[in-house]
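Close look at the chain arrangement
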Amino acid sequence: MSIRHGLLALLEHGPRYGSQLRTEFESRTGATWPLNVGQVYTTLGRLERDGMVTQDGEDGAGHALYVITDAGRGELRSWFGRPVDRASPPRDELAIKLAMAVGAPGVDIRAVIQAQRHATLRAMQDYTRLKAQALAAVEHVDGTDGEQARDDVAWLLVLEQLIFQTEAEARWLDHSESRLARLSATAARRAENTPAAAATASPSPSPDPAAGTARAASASRSARR
C-alpha cells in the first residue's frame, strides 16, 4: 500500500497538517490500514525532500500545513494512471505458512487449513455485516455533504475488495485441501506398487503336500533299484 500517494491524494484537496491527514486517510479507508502520526510525518518529510510537497505556514492552532506541488500532482496523476505492479507480490503469511507446513514433522497441515478456514469465514461474515452498514450509510447520506458521501463510497469499495479477497482465500484453502488429498492418494498407490510391497502382498504359495509325497515315493523306488 502506498502511503505517500494516499497523502498526496488528500493534499490535492487543500492544505493539511499531519494528524488531519491521518484522520482523513483512516476515514477514507475505514481504518483498514491504520496509520500513526509518526508514519505520516516521516512520509511528509520524504515527500518534501523529493519536492512533491512543501510547508505553507500554519493554521490557527499552530499546526504546520503542507501543500502539494506541481511535481506532486504529476506523480499522483502517474500513480493513478499506471496499473499496480504484480511482478513482485507482497508476502502472504498464509501462503508461506502452508508451504512450510508441507512435510513439516509433527504438523497436521489439514488441521492448519481447517483452522484458517474458520477464521477466514468469520472475517467474511464481519466484512459482509460492515458492507451492509456502509450501503445503508451511502443510501441515507445527506446529498449536500459531499465529503461524507465520498468517504462512505470509498469505505464501501475497500470493504468489497476485502470480501472478494476472503472469498478467494476460502476457495484456495478448499483447493489446497483437495490437492493434498490427491497427492496423498497418489503416493499411497505408488507405495503399493513398489517391488517390495508387491512381494509382501503376494507371498510365494506353500508347497503342495501331495506333490511332495509323490516326489518322495519316486525317490524311494529309485533307491530300491
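Overview of the structure. (Residues numbered from 1 in each chain as written. Predicted model: local features only at pLDDT ≥ 70, side-chain atom pairs only at ≥ 80, totals over all residues. Heavy atoms only, no water.)

**Examining the packing of helix H6 (residues 109-140) against helix H7 (residues 146-192)**
H7 packs onto H6 with a crossing angle of 160° between their chain directions and a minimal axis gap of 9 Å. When the interaxial angle is binned, H6 and H7 end up roughly antiparallel. Two packed elements cross with a definite hand, and for H6 against H7 that hand is left-handed. Across the contact of H6 with H7, the residue classes tally to 20 nonpolar, seven polar and nine charged. (Axes fitted to C-alpha atoms, helices over the stretch in contact; angles between N-to-C directions. Helix = DSSP H or I, 4+ residues; strand = E, 2+ residues; numbered from the N terminus. Parallel < 35°, antiparallel > 145°, perpendicular 65-115°, else oblique. Left-handed = near helix turned anticlockwise from the far one by under 90°. Nonpolar A, V, L, I, M, F, W, Y, C, P; charged D, E, K, R; others polar.)

**Description of the pattern of salt bridges**
Summed over all chains, the structure comprises 11 salt bridges. One salt bridge in this structure joins Glu75 and Arg82, with 3.4 Å as the shortest N-O distance. Overall, Glu75 belongs to the buried group, its relative accessible area being 19%. Here Asp126 and Arg129 are joined by a salt bridge, their closest N and O atoms 3.2 Å apart. Taken together, the residues span about one helical turn, with Asp126 and Arg129 both in helix H6 at a distance of three residues. Each of Arg4, Arg49 and Asp50 takes part in salt bridges that share partners, so that together they form one network. (Salt bridge = Lys/Arg side-chain N within 4 Å of Asp/Glu carboxyl O. Buried < 20%, exposed > 50% of the residue type's maximum accessible area, 1.4 Å probe, protein only.)

**Here we look at the packing of helix H2 (residues 18-29) against H7**
For any two helices packed against each other, one specifies the inter-axial angle together with the distance between the axes. Following both chains from N to C, one finds H2 and H7 inclined at 55°, their axes separated by 6 Å at the closest point. When the axis of H2 is compared with that of H7, the two are oblique. Contacts between H2 and H7 pair Ser27, Arg28 and Thr29 from the former with Arg150, Asp151, Ala154, Trp155 and Val158 from the latter. Classifying every residue of the contact of H2 with H7 by side-chain character gives three nonpolar, two polar and three charged. (Contact = heavy atoms within 4.5 Å.)

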